[in-house]
Amino acid sequence: MLTELAARARARLDPAHWDFFAGGAGDERTLRANEEAFQRLRLLPRVLRATGPRDLRTTLFGTELSAPLLVAPTAFHRLAHPDGELATARGAAAAGTVLVVSMAATTPVEDIAAAGGPLWFQLYPQPDLEFTAAVVRRAERAGCRALVVTVDSPVFGRRERDRRNGFTDLPAGLVCEHLRDGTGRVRDIVMDADLGWERIDWLRGVTGLPIVLKGLLHPADALLAVEHGVSAVLVSNHGGRQLDGAVATVDALPAVVKAVGGQVPVLLDGGIRCGADILAALALGAGAVLVGRPVLWGLAAAGADGVRQVLDLLREDLDRALALAGARRPADLTGDLVAARC
Ligand SMILES: Cc1cc2nc3c(=O)[nH]c(=O)nc-3n(C[C@H](O)[C@H](O)[C@H](O)COP(=O)(O)O)c2cc1C
Ligand SMILES: CC(C)CC(=O)C(=O)O
């Protein structure tokens, strides 16, 4: 469904930048597995349910979204389009949903907020606690409504395509805007191999924002996350960019949902490419899903309009899938609608 848009994006992008966006870690097994796992699922629709018009609206932390679909945090949008994250934010706002702003954004969160749509902020906690707290305060002041803490990156994944292309630095003029410190110097982003649960407790003391833990796959970690007071968990393998060989997210989802037992929402990203994928994730217990690369293809192909197109397409496709499966609302979806794996 989104392949034509991806082709348009590819044609416009510098090949090394396409590889940065499209690629994964290692042999890209997990990257492929995310999509393949959805493709293996088969649905068991209900009929004669008289659903009438569907109602996709979903509320998370008090924000109403047009559908259970958000924009995942991804780095470096100004490599994809000159308007960068501002265009993404405009597209997301027009589609009625949340943009999760990346810590590695190439536009300051204060400027992104000018688009007017709801934002969450994704954080890579830095070993420098004072600096980390300052970034969180910046996100709060800019109006971000949740903090998404990425925990699947104690070190960088090994990205073969980037190594081959020698893609190590942003081009002149682009920087990670949230890595600027008080002096205007831009720090290097640190993937912190010393990150532990105590830092999540510390963050809860630093901010009143809901904390979403991003990048867990193991049900035991989901349980720990709940015990440490997070407001939601996000089942993710970073789009196959960190541990190659990690399980596909939709395959990890049921055990996480079971462990969490409804105490907090369970979100999922990785491999969502059509309405049926969203439907399957929701039926298996996700409260909402996030999309990464498809939004980047929309952005590269057509800026804010392209982002809106991708999100509208996915929402409309979910609406159709709900009708065809006999459901009126996302909350009507139950696990029995996912029949089998082939
Ligand atoms: C180009 C790119 C950059 C990313 N940058 C970040 C990031 O800065 N922070 C983060 O937590 N996740 C990052 N991710 C992971 C996404 O948030 C998300 O987990 C993943 O893209 C979902 O898979 P999908 O692309 O198949 O939808 C990035 C993913 C891609 C493709
Ligand atoms: C450049 C990184 C900090 C962004 C990221 O998380 C990724 O590329 O997957």
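Described in the following lines is the structure provided in the data block. (Residues numbered from 1 in each chain as written. Chains lettered and ligands numbered in written order. Predicted model: local features only at pLDDT ≥ 70, side-chain atom pairs only at ≥ 80, totals over all residues. Heavy atoms only, no water.)

## So, the site of ligand 1
What surrounds ligand 1 is a group of 23 residues, the closest being Pro73, Ser102, Thr150, Asp269 and Arg273. One of the backbone N or O atoms of Gly271 is found 2.9 Å from an oxygen atom in ligand 1. About the coverage of ligand 1: the protein hides 98% of its 610 Å² of free accessible area. At the level of elements, helix H2 (15–22) and helix H12 (293–325) are the ones that each hand at least two residues to the shell around ligand 1. Classifying every residue of the shell around ligand 1 by side-chain character gives 8 nonpolar, 10 polar and 5 charged. (Near = heavy atom within 4 Å. Polar contact = N/O pair within 3.5 Å; in protein donor to acceptor, adjacent residues only side chain to side chain. Areas by Shrake-Rupley, 256 points an atom, 1.4 Å probe, with all protein chains shown as cover. Helix = DSSP H or I, 4+ residues; strand = E, 2+ residues; numbered from the N terminus. Nonpolar A, V, L, I, M, F, W, Y, C, P; charged D, E, K, R; others polar.)

## Details of the pattern of salt bridges
Overall, the coordinates contain 16 salt bridges when judged by the stated rule. For Arg158, the salt bridge identified is with Glu160, shortest N-O distance 2.6 Å. Classification of Glu160 as partly exposed rests on a relative accessible area of 29%. Connected through salt bridges with shared partners, the residues Asp128, Asp181, Arg185 and Arg187 form a single ionic network. (Salt bridge = Lys/Arg side-chain N within 4 Å of Asp/Glu carboxyl O. Buried < 20%, exposed > 50% of the residue type's maximum accessible area, 1.4 Å probe, protein only.)

## Brief notes about unusual backbone geometry
Phi angles above zero are rare outside glycine, and Glu28 is one such case at about 65 degrees. In this fold, Glu28 is placed in the loop between H2 and helix H3 (29–40). The residue Ala50 is not glycine, and still its phi comes out positive at about 45 degrees. Topologically, Ala50 is positioned in the loop between strand E1 (41–43) and strand E2 (58–60).

## Some points on empty space enclosed by the protein
Enumeration according to the criterion identifies 2 cavities of 30 Å³ or more in this entry. Looking at the largest cavity, its volume works out to about 40 Å³. If you trace the largest cavity, you find it lined by Ala72, Pro73, Thr74, His77, Glu85, Leu99, Val100, Val101, Ser102, Ala105 and Ile112. It is strand E5 (residues 99–101) that provides the largest number of residues to the lining of the largest cavity, a total of 3 residues. (1 Å grid on protein atoms, 1.4 Å probe; cavity = no way out; pocket = protein on both sides within 12 Å on 5 of 7 lines; lining within 4 Å. Points joined across faces, edges and corners; volume = space filled by probe spheres on them.)

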